[in-house]
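What the coordinates show
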Amino acid sequence: MISTNVDPAGRVAASLGVLHAGQHPSGGYVACPTYPTYHYAWLRDGAFCAYALGLHGAHGSAAAFHEFVTRTLLRYQGLFEAVTTPGAEGVPVAQMPPARFTLTGHPEPGQSPGSGQPVDQAPWPNFQLDGYGTWVWALAQHARHDHPLTTEQRHAVALVSRYLQVAGAWNCYDCWEENPRWRHTSTLGAVIAGLAAAAELIEDAAAGAHAQDLRDLLLNEHVRAGTFVKHTGTDGVDASLLWLATPFAVISADDPIVRRTVARIIDELTGPSGGLRRYVGDTFYGGGEWVLLTAWLGTHMAAIGDLDGAGQRLDWVESMFTAEGQLPEQITEHPQAPDMVAPWVMRWGPVATPLLWSHAMHLVLVRFLRDARNLR
Ligand code: BGC
């Protein structure tokens, strides 16, 4: 069945509107304007927002984001150098470059790097490598649209490249801010994509060689019984494994390991309403179906020519728009852990809506599906 996708133009305009409205004058994108815990600019969320906007021709917004990140990273250059200076191994987790910044490009209050907080006592995890890889990857996508790098951007890419060459395979919090004691497969994929992008952007041969070594590591240590796994030390999968093929292209979408992994993700993580969960055992707001991940699966399906599958995921995503034209982070109608919905609502409020990253992935899916249909 080919999806009809009622009112696609209206939904696209709504998603574009949410992303533009969520961009601070500094260029940073707020993760969610109405959810106090998410009043920060994450490298991960923002990089995908910039990518999505670029796919829809909004290059000015993407450029402002990349300028914001460049300024912010160069301002805190010392954090990177503390990790990359020879002999500086063992930098405490709380002093690693953070995953998110305030909207004006500073470490968040009370959790500034340098506070020396031990990992287990940190109020909110902030050491994640994937956002740095994703940012350089997204900057490379932007640069391809006739936006050559500025001198400052080249410096920032070099800084991040050196950082990822040193720390890229270290254990860190995963993209969901969990499991700090493992190396995460999708994180490694983002790091590889970032290093490959650095090789392209600033002719950084060492980054290219590191990307190749990490790809070998990915295939040697992150595959069990023929599928990629969520992290070292588990046989389980995670929907973020989709990143490896789409859009990072660290591994070809045709690779048998990717095909088996995607089949497992669909089989094990599709919820009753047709949306995708993060992983089995997720308890955040009960572990429901995530809009951005369902869009991700649809994007991957569009990329491999499964237009029906992609259209169905787009229908699901578009059915999650509120009357105000907003998409939530997840829907909690079918939780894996029903007892864990209310405690999170009590703690942080209702599910984050609108989540900019959900809108970004909606836009990415729309673009991939349109392109795939045009190829037919
Ligand atoms: C998610 C992150 C995300 C952040 C902001 C967290 O709950 O785990 O992946 O970057 O929210 O959207």
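Bear in mind the structure is a predicted one, so any value in this text is a computation, not a measurement.

What counts as what
Along each chain, residue indices are assigned from 1 in the same order as the chain's sequence is written. Local features in a predicted model are, by the rule used here, given only for residues with pLDDT of at least 70; side-chain atom pairs are given and counted only at 80 or more, and totals for whole chains, interfaces and linings are based on all residues. Heavy atoms throughout the structure, all of them, feed into the side-chain values; hydrogens and water do not. Two aromatic rings from Phe, Tyr or Trp, using only the six-membered ring of Trp, form a pair when their centres are within 6.5 Å; if the ring planes differ by under 30 degrees the pair is stacked, by over 60 it is edge-to-face, and anything between is tilted. Put simply, DSSP H or I for four residues or longer makes a helix, DSSP E for two residues or longer makes a strand, and each gets a number counted from the N terminus. Only protein chains enter the area calculation, which uses a 1.4 Å probe; residues under 20% of their type maximum are buried, those over 50% are exposed, and those in between are partly exposed. Should any heavy atoms of two residues lie within 4.5 Å, those residues are considered in contact. Each axis is a line fitted through C-alpha atoms, taken for helices only over the stretch in contact, and angles between the N-to-C directions span 0 to 180 degrees. Any angle between 65 and 115 degrees counts as roughly perpendicular, while under 35 counts as roughly parallel, over 145 as roughly antiparallel, and the rest as oblique. Helix crossings get a hand from a simple test, with the near helix turned counterclockwise from the far one by less than a right angle marking a left-handed crossing and a clockwise turn marking a right-handed one. Gly is placed with the polar residues, together with every amino acid not listed as nonpolar (Ala, Val, Leu, Ile, Met, Phe, Trp, Tyr, Cys and Pro) or charged (Asp, Glu, Lys and Arg). What makes a nonpolar core is a set of buried Ala, Val, Leu, Ile, Met, Phe, Trp, Tyr and Cys residues whose side-chain atoms join them at distances within 4.5 Å. We call a pair of cysteine sulfur atoms a disulfide whenever their separation is within 2.5 Å.

This part is about the packing of aromatic side chains. Using the criterion set out here, one finds 30 aromatic pairs in the structure. With centroids separated by 6.2 Å and ring planes inclined at 65 degrees, the aromatic side chains of Tyr-40 and Trp-124 adopt a geometry described as edge-to-face. Of this pair, Tyr-40 sits in the loop between helix H1 (8–21) and strand S1 (41–42) while Trp-124 is found in the loop between strand S2 (100–101) and helix H5 (130–144), placing the two residues 84 residues apart along the sequence. The residues Tyr-40 and Trp-124 share a single accessibility class, namely buried. When the centroid spacing of 4.9 Å and the interplanar angle of 85 degrees are considered together, the rings of Phe-48 and Trp-296 count as edge-to-face.

So, on to the environment of Tyr-38. Take Tyr-38: it is sitting in the loop between H1 and S1. When neighbours within four sequence positions are excluded, Tyr-38 is seen to be in contact with Val-30, Ala-31, Cys-32, Phe-284, Glu-329, Ala-352 and Leu-355.

Take the packing of helix H3 (residues 59–75) against H5 next. Where H3 contacts H5, the two axes come as close as 11 Å, and the packing angle between them is 140 degrees. If you check the angle between H3 and H5, you find them oblique. Pair H3 / H5 crosses with left-handed handedness. Of the residues in H5, those touching H3 at His-59, Ala-62, Ala-63, Phe-65, His-66, Val-69, Thr-70 and Leu-73 are Tyr-132, Trp-135, Ala-138, Leu-139 and His-142. Residues of the contact of H3 with H5, tallied by class, amount to 9 nonpolar, 4 polar and no charged.

Attention now goes to the nonpolar core. Within the largest apolar cluster, 125 residues are counted, with the highest numbers of intra-cluster contacts made by Tyr-38, Tyr-132, Trp-135, Val-157, Tyr-163, Leu-201 and Trp-357. Among all residues touching Trp-135, those that are not within four sequence positions of it are Ala-47, Phe-65, His-66, Val-69, Thr-70, Leu-73, Ala-156, Val-157 and Val-160.

Tallied over the entire structure, the rule returns 0 disulfides. Cys-32 carries a free sulfur, and the closest cysteine sulfur to it, the one in Cys-49, is 11 Å from it. Using a relative accessible area of 1% as the deciding quantity, one classes Cys-49 as buried.

Before going further, it helps to examine the environment of Asp-146. Its place among the elements puts Asp-146 in the loop between H5 and helix H6 (151–167). A residue is classified by how much of its surface remains accessible, and Asp-146, at 67% relative accessible area, is exposed. For the pair formed by Asp-146 and Ala-337, sequence separation is 191 residues and the distance between their alpha carbons is 47 Å.

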